[in-house]
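Overview (structure and organization)
Residues per chain, in single letters:
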Amino acid sequence: MKRNSNIFRNLTVLSLEQATVLPYLTWLIAWRRMVFGSFGWSTLSNAIPTAGSATRSSQVKKRCVRTSLHSIQVKRQ
Amino acid sequence: MCSYFFAFNSGKEAVTLDLKNQRGQEILRKLIKELNVDIFTTNQLPKNYATLGIDYDALRAVKPDIIWLGISGFGPDSNEAAYDPILQARGGLMEMTGEAGGEPQVLGIPLPDMGTSEHAYGLIMKALFKRAMTNEGSRIDMAMIDSTVSWLVQPVTMATTFNQVMTRRGNTHEFFAPVSVFPTSDGFVYVAMGNDIQWQRLLAIPGFEQLAEPCYEKNAGRIADKHRLNERIAEATRKFGTAELIETFRRAMIPIAKVQGIRDVCEDPAVKPKLLKSVDPATGFEVTMAPPPYMTEYLKEIDQTLPFPPRLGEHNEAVYGGILGMGKHELEALRRDGVI
């Protein structure tokens, strides 16, 4: 019971996202086309990860909960 | 679409880690300990949980009260790959979408993808409450098929209990007419007429008098002939501009709405002030994102501007170096060996 007033505070979420690569690449392609008018394949090879990737929530000051496609992050209060 | 990346990754930090490598798994366990991780989520296929060292038991051994969420297509006992449209097809959403008699259609939004996240969010909240009350963690296995079919509230009961199989019916309503999308000279409007009084009001509008036929006086008569009726109404609405028709119908207290394009939606006074944005500190590139379902005080305080989504592995040094205390040479060795 001692933690019940503290449920949403200082939460850290670690998400392992198998699908990060695909959205990242689509974003990269779109962004490079928008900014440079082309997409460089060297960037593609740099972007491919070794295996998986992980994200965690940033530290923020206030409680805020946000959901996403393959991960859920709970920002820190 | 790139919007997937922006909307779902703003505010995060990203590291790369090869979990097929034992050193990678060891780093993950250290991260969970050092970060005092509350919630762990993954969308790996269930068969990979143990192989990658991310199964619930392995992580619970590191942090006993961890809340573990595994999102899969069809539950932890299935390794069938699942993408949103696969779930839309198998889960009945496509069967319910499209013109009557036409082909099944994919929804305009990835509801299985995003709906599963929303449902998982609710379960995470319950798990947090349970942990607060009992100090116990939770394992949550969230299947996209369960989330997807849970939206079929009416069709499932109608088919299984009342032997009435529902299917797609375009823009019309099952019980009321006229209810549909109608063309104007410069767009489309959606009209929903829920009673006979509204029908009489429609007949009083110049341009619609020719619809005054005894068989249409009651809703039952209109429903019985809804396709021909809708065609006749469309002939009349085409002669109006959208703004003019909306004003006319509103004066007559007939429910109507402009079918807005996405640019219109973004400019809508009910939407525009709530849009989120994110600015890339490296390039100044600014992204506008969909509004949150609820405007929190926190979002107001940060001027609705979220930290820009990270590049892949952008925070490797900050996290592995700053939090785990790895030195430059150690990081370089991990990079060289393909661990990070």
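So, a few notes on the structure that sits alongside this text. Owing to the predicted nature of the structure, the values given are computational and were not obtained by experimental measurement.

Reading the values: rules and limits
Residues numbered from 1 in each chain as written. Chains lettered and ligands numbered in written order. Predicted model: local features only at pLDDT ≥ 70, side-chain atom pairs only at ≥ 80, totals over all residues. Heavy atoms only, no water. Helix = DSSP H or I, 4+ residues; strand = E, 2+ residues; numbered from the N terminus. Pairing = 2+ DSSP bridges. Axes fitted to C-alpha atoms, helices over the stretch in contact; angles between N-to-C directions. Phe/Tyr/Trp six-rings, centres within 6.5 Å; stacked < 30°, edge-to-face > 60°. Salt bridge = Lys/Arg side-chain N within 4 Å of Asp/Glu carboxyl O. Buried < 20%, exposed > 50% of the residue type's maximum accessible area, 1.4 Å probe, protein only. Arc of directions from axis to C-beta. Contact = heavy atoms within 4.5 Å.

Take unusual backbone geometry next. Most peptide bonds take the trans configuration, and most residues that are not glycine carry a negative phi. Residue and element names in this part refer to chain B. Here the amide bond leading from alanine 177 into proline 178 is cis, since omega sits at 0°, within 30 degrees of zero. In this structure, proline 178 sits in the loop between α8 (153–160) and β5 (179–183). Here the phi dihedral of asparagine 36 falls at roughly 50°; this positive angle occurs in a residue that is not glycine. With respect to the helices and strands, the residue asparagine 36 is situated in the loop between α2 (22–34) and β2 (39–42).

Residue and element names in this part refer to chain B. Reading across from one edge, β5-β6-β7 is the order of the three strands in this open sheet, with antiparallel pairing throughout. Two strands in the sheet have a free side with no partner beyond their single neighbour: β5 and β7 (256–258). Averaged over all pairs of adjacent strands, the angle between their axes in this sheet comes to 25°, without regard to strand direction. With five bridges joining them, β5 and strand β6 (residues 188–192) adopt antiparallel strand pairing. When the bridges of β6 are listed, serine 180 appears paired with valine 191.

Turning next to the sheet that holds strand β9 (residues 286–289) of chain B. Spatial ordering of the open sheet is given by β9-β8-β10 (chain B), a layout of three strands whose pairing is mixed. Because the sheet does not close on itself, it has two edges, and the strands there are β9 and β10 (305–306) of chain B.

Below, the discussion takes up the packing of aromatic side chains. Inspection of the entire model under this criterion finds seven aromatic pairs over all chains. What links up through ring pairs into an aromatic cluster is the set Phe6, Phe285 and Phe308 of chain B.

All names here are of chain B. Under the criterion given, the structure shown has 21 salt bridges over all chains. With its nearest N and O atoms 2.9 Å apart, the salt bridge here joins arginine 222 to aspartate 196. One end of the pair, arginine 222, is in helix α10 (residues 219–224); the other, aspartate 196, is in helix α9 (residues 196–203), with 26 residues separating them in the sequence. Arginine 222 gets classed as buried once you look at its relative accessible area, which sits at 0%. Look at aspartate 196 and you get partly exposed, because its relative accessible area is 23%.

Residue and element names in this part refer to chain B. Along helix α12 (residues 242–251), the residues classified as buried are Thr242, Leu245, Ile246, Thr248 and Phe249. Buried residues of α12, seen end-on, are gathered within an arc of 165° and therefore sit on one face of the element. When the buried face of α12 is taken as reference, the exposed residues oriented beyond 90 degrees from it are Ala243, Arg250 and Arg251. Buried residues along α12 sit in contact with β6, α9, α11 (226–237) and β7. In the segment just after α12, methionine 253 is the residue with positive phi, at about 55°.

So, to be careful, I would describe these as geometric facts and stop short of saying anything about function.
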